[in-house]
Amino acid sequence: GVTGTKNTRTQNTLPGNVINSSSDQEFDNYAFRQKIDGVYEIKLDTTSSLKVSVEGTLKHNETQSNYQARSERGNGVLLNTSDRDLNNDIDETIFKATAFWNKRMKKKGRSISLNISEAINRSDAKGFLRSDNNFFDSEGLPDSTSLIDQYKLSKTRSSVFSSNLTYSEPFSPYFSVIMNYGLGINRTDQDRRSYNPTATGAYTQLDTLYSNNYQFNQLSNQLGAIFNYKNNKTIINFGSKVTAVNFDQVDIFTSSAVKRDFININPQANYQYKFSQQKSMSLSYNGNTTQPRIDEIQPVTVNNDPFNVFVGNPELKPSFSNRFGATYNSYKVLSSRSIWISGSYNFTVDPIVSNTTTDSLGRNSYESINLSDKKTSNFYGNAYYGKKITALEMNIGFQASFSGNTYYNFVNEELNKTKSYNVSGGINLQKNKEKKYSIYVSRNPNYTSSNSSLPSPDNSGWGYTAYGTFNVFLP
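Computed from a predicted model, the values in this text were never measured in an experiment. (Residues numbered from 1 in each chain as written. Predicted model: local features only at pLDDT ≥ 70, side-chain atom pairs only at ≥ 80, totals over all residues. Heavy atoms only, no water.)

## Overview of the packing of aromatic side chains
Here is step 1: With the rule as written, the count across this model stands at 17 aromatic pairs.
Here is step 2: Note on Tyr273 and Phe275: the rings are 5.0 Å apart at their centroids and 80° apart in plane angle, and the pair reads as edge-to-face.
Here is step 3: Tyr273 sits in the partly exposed class, given a relative accessible area of 25%.
Here is step 4: By relative accessible area, Phe275 is classed as partly exposed at 36%.
Here is step 5: The interplanar angle of 45° and the centroid separation of 6.3 Å between the aromatic rings of Phe379 and Tyr421 together place this pair among those described as tilted. Taken together, the residues Phe379 in strand S19 (residues 376-389) and Tyr421 in strand S21 (residues 414-433) connect sequence positions 42 residues apart.
Here is step 6: Since its relative accessible area comes to 29%, Phe379 is described here as partly exposed.
Here is step 7: Among the aromatic residues, ring-to-ring pairing joins Phe171, Phe175, Phe227 and Phe238 into one connected group.
Here is step 8: In this arrangement the basic side chain of Arg84 is found over the ring face of Tyr67, its NZ or CZ atom lying 3.9 Å from the centre. (Phe/Tyr/Trp six-rings, centres within 6.5 Å; stacked < 30°, edge-to-face > 60°. Buried < 20%, exposed > 50% of the residue type's maximum accessible area, 1.4 Å probe, protein only. Helix = DSSP H or I, 4+ residues; strand = E, 2+ residues; numbered from the N terminus. Lys NZ or Arg CZ within 6 Å of the ring centre and 35° of its normal.)

Right, here's the structure in full:
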């Protein structure tokens, strides 16, 4: 069991206004877990083997939390207060099994393998939400109140099957191809129910606004080929995986169904050149598709925190990320001199971003949406130089890095663009005496800058991290 407190201070920037909020939480949590697993391996013959893994987990969690919260307008006038109790009892069962079969053919480099896995998850949660909310007018005087008293049930059932058949064929000592086919079946059922008390005090009155029973089924067929070329100092691999994904979404409460189809392409390309055994450079590109989660698409309003309500979006689409990377490294054994330079740039098409609506009483409603005409992006760069100081029998290293990202979100139907940057540098010292002791210390100052298209406070500032360790080896 764990008991404790948590204090949160936030500022919500709105078009032409800000809301300052504070929340003090007291919690008492209990968790009990049992897990068992096993692995069986067998060599079927001189060219093939089979490995089977099975694991099962039982979890029981009990959580109790009390929240005392208040929000003020930008001019310091009280906007709302909340006294909220939330408790949950959760029982969860997890089962997972995998089987991997591999066989080498007579021709060197030719092989075939099959990987199959099945994961089953069952979760049952029940608990109470009680929230006493008070709202105040522009003068800070009492305006209205809202009392929420609900009994909540949540049942989640998921079954995820995945398989991957891989075949490797060498065309020559320098050139080969790896082909694969994969079948994936993912079914998730999530039944959320909220009940209000009747006149007798029994929690039997279903609140349809906060209740929903939803099925989300995904069927995917993946076909891919990766070509590999290796000759002396050069290594090249390139190819792509193409996945046909079918969404089958069923709203049992409204007896409605939505079927959607997507074609996901996951290309990749990598180039590596070795100048020597200790010096090399590489370039890479990877494309990746991210599927929405059932929590993001289930059309139900979740009010566990009445001031921060989440609404599902059944029209949510997958997003696609492109990542470019480059590295260079060099190492000299005699002087222990090392150089490492790396960088990456990533941008996402149809990114899944937050759409927040804040009403005049300070209540926030959150929804995930696709942003079709903008791209989120981030970049990163790092350089390191290290060398041995022979006179002191010590290694010294210098590090510098920079990063930045561009992110979008909607606030009360206005698009907000946020840019942030971080620059850091540092030095580290390391000294080792074999079988006696080792010392390592580092210090890294950094500067962070952030700005938004909507008016917001300047969050730029300096910071630093410091780290040190000393180890003694006993006889």
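## Considering unusual backbone geometry
Here is step 1: For Asp350, which is not glycine, the phi torsion reads 50° and is therefore positive.
Here is step 2: Within the secondary structure, Asp350 sits in the loop between strand S16 (337-349) and strand S17 (352-358).
Here is step 3: A positive phi angle, close to 70°, is found at Glu413, a residue other than glycine.

## A short note on the environment of Ser163
Here is step 1: Tracing the chain through its elements places Ser163 in strand S6 (residues 142-170).
Here is step 2: Residues Ser163 and Phe100, spaced 63 residues apart in sequence, show a C-alpha to C-alpha distance of 9.8 Å.
Here is step 3: Setting aside residues up to four positions removed in sequence, Ser163 forms contacts with Asn115, Ile116, Tyr181, Gly182 and Leu183. (Contact = heavy atoms within 4.5 Å.)

## Considering the pairing of S19
Here is step 1: With eleven bridges connecting them, S16 and S19 associate as antiparallel partners. If you follow Tyr345 over to S19, its bridge partner there is Phe379.
Here is step 2: Relative to strand S20 (residues 394-411), S19 runs antiparallel, the two sharing 13 bridges. Residue Gly381 lies in a different strand from S20, and its bridge partner there is Phe402.
Here is step 3: Adjacent in sequence and paired antiparallel, S19 and S20 are bridged by four residues, among which Glu393 carries a positive phi angle near 50°. (Pairing = 2+ DSSP bridges.)

## With respect to the nonpolar core
Here is step 1: With eight residues, the main nonpolar core is built from Tyr214, Phe216, Val245, Phe247, Phe262, Ile294, Ile297 and Leu316.
Here is step 2: Sorting the residues of this core by element identifies strand S9 (212-231), strand S10 (234-251) and helix H1 (294-297) as the ones contributing at least two each.
Here is step 3: Not counting chain neighbours up to four residues away, the residues in contact with Val245 comprise Gln218, Leu219, Ser220, Arg260, Asp261, Phe262, Asn264 and Gln291. (Core = buried A, V, L, I, M, F, W, Y, C linked by side-chain atoms within 4.5 Å.)

## Some remarks on the pattern of salt bridges
Here is step 1: Across all of its chains, the model carries 14 salt bridges by this definition.
Here is step 2: Linking Glu72 and Arg70 is a salt bridge whose minimum nitrogen-to-oxygen distance equals 3.2 Å.
Here is step 3: Looking at Glu72, the relative accessible area reads 27%, which means it is partly exposed.
Here is step 4: Residue Asp191 is joined to Arg193 by a salt bridge in which the shortest nitrogen-to-oxygen separation is 2.8 Å.
Here is step 5: Here Arg193 falls in the partly exposed class, since its relative accessible area comes to 24%.
Here is step 6: Residues joined in a network through salt bridges with shared partners are Lys107, Arg110 and Glu169. (Salt bridge = Lys/Arg side-chain N within 4 Å of Asp/Glu carboxyl O.)

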